[in-house]
Amino acid sequence: MDTGGSLALYAPIVGLFVLAALFAVFSVGAAAVVGPKRYNKAKLDAYECGIEPSPQATGGGRFPIKFYLTAMLFIIFDIEIIFLYPWAVANEALGLFGLVEMVLFIATVFIAYAYVWRRGGLDWD
């Protein structure tokens, strides 16, 4: 079994990764050497859209977790929809088995969506 010939096929990809890594390291190093070094208090402070930074959140309370839950739900359902693309490409090759599996997958996604909707996970109030 000749592994040298099959590994040689990956040489351009490895070369591209090495070139990209060298470019990234060179860019960061060159920016540190060539870039301006005039620091002042305003440049070292955290920038918060023109608002003076404060140690506490505005309102003094905790940030509502609903925003994070909505973002996580979006990501979960978005990833599940991405699974439909390979099925659409290989639809004819999969035949009836692929159709049944995709109907089961979509039913599972719909059940999860209905559960989240019923629990109020999509309400913004």
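Predicted model only: the values in this text are computed from it and were never measured.

Conventions used here
The residue count restarts for each chain, going from 1 along the sequence in the order it is written. Local features in a predicted model are, by the rule used here, given only for residues with pLDDT of at least 70; side-chain atom pairs are given and counted only at 80 or more, and totals for whole chains, interfaces and linings are based on all residues. For the side-chain quantities, the full set of heavy atoms in the structure was used; hydrogens and water were omitted. The way it works is that DSSP assigns letters per residue, a run of H or I at least four long becomes a helix, a run of E at least two long becomes a strand, and they are numbered from the N terminus. The span you would expect from a helix comes to 1.5 Å times its residue count less one. Think of it this way: the bend at a residue is just the angle between two axes, each fitted to seven residues, one set ending at that residue and the other starting at it. The buried label applies to any residue whose accessible area, calculated with a 1.4 Å probe on protein chains only, is under 20% of its type's maximum; exposed applies above 50%, and partly exposed to all values in between. The contact definition used throughout considers only heavy atoms, calling two residues in contact when any of these lie within 4.5 Å. Patches in this entry comprise residues that are over 30% relatively accessible and not in a salt bridge; like charges within 9 Å are linked, as are nonpolar side chains (Val, Leu, Ile, Met, Phe, Trp, Tyr) within 5 Å. Accessible surface is estimated by sampling points in the Shrake-Rupley manner with a 1.4 Å probe; for residues, cover comes only from the protein chains shown. For salt bridges, the criterion is a side-chain nitrogen of Lys or Arg within 4 Å of an Asp or Glu carboxyl oxygen. Between the rings of Phe, Tyr and Trp (Trp by its six-membered ring), a pair exists once the centres lie within 6.5 Å; its type follows the angle of the planes, with under 30 degrees stacked, over 60 edge-to-face, and the other angles tilted. Positive: Lys, Arg. Negative: Asp, Glu. His and the chain ends are not part of the count.

> So what about helix α6 (residues 91-118)? Which residues, and what values?
Look at α6: only 32 Å from first C-alpha to last across 28 residues, short of the 40 Å you get at 1.5 Å a residue. Where α6 bends most, the angle comes to about 75°, and this point is Phe97. Buried residues of α6: Gly98, Met102, Val109 and Val116, and no others. Where α6 is buried, its residues touch α4 (66-82) and α5 (84-89). At the C-terminal side of α6, Gly120 shows a positive phi close to 85°.

> Let's hear about a nonpolar patch on the surface: which residues, and what values?
Residues Leu7, Leu9, Tyr10, Ile13, Val14, Phe17, Val18 and Leu22 make up a contiguous nonpolar surface patch of about 880 Å² in total accessible area. No other element matches the five residues that helix α2 (residues 11-34) contributes to the nonpolar patch. With respect to the element layout, Val14 can be found in helix α2.

> Which residues make up the packing of aromatic side chains, and what are the values?
All chains considered together, the criterion is met by three aromatic pairs. Ring geometry for Phe77 and Tyr113: centres 5.8 Å apart, planes at 80°, overall edge-to-face. On the criterion of sequence distance, the pair formed by Phe77 in helix α4 and Tyr113 in helix α6 is long-range, its members being 36 residues apart. Residue Phe77 is classed as buried on the basis of its relative accessible area of 16%. Residue Tyr113 is classed as partly exposed on the basis of its relative accessible area of 34%. Geometrically, the ring pair formed by Tyr113 and Trp117 is tilted, given 5.8 Å between the ring centres and 55° between the ring planes.

> Outline the side chain of Glu80, supporting the account with residue identities and numerical values.
When you line up the elements, Glu80 lands in helix α4. No salt bridge is formed by the buried Glu80; the nearest opposite charge belongs to Arg119, separated by 16 Å. Residues within four places of Glu80 in sequence aside, it is in contact with Phe105 and Val109.

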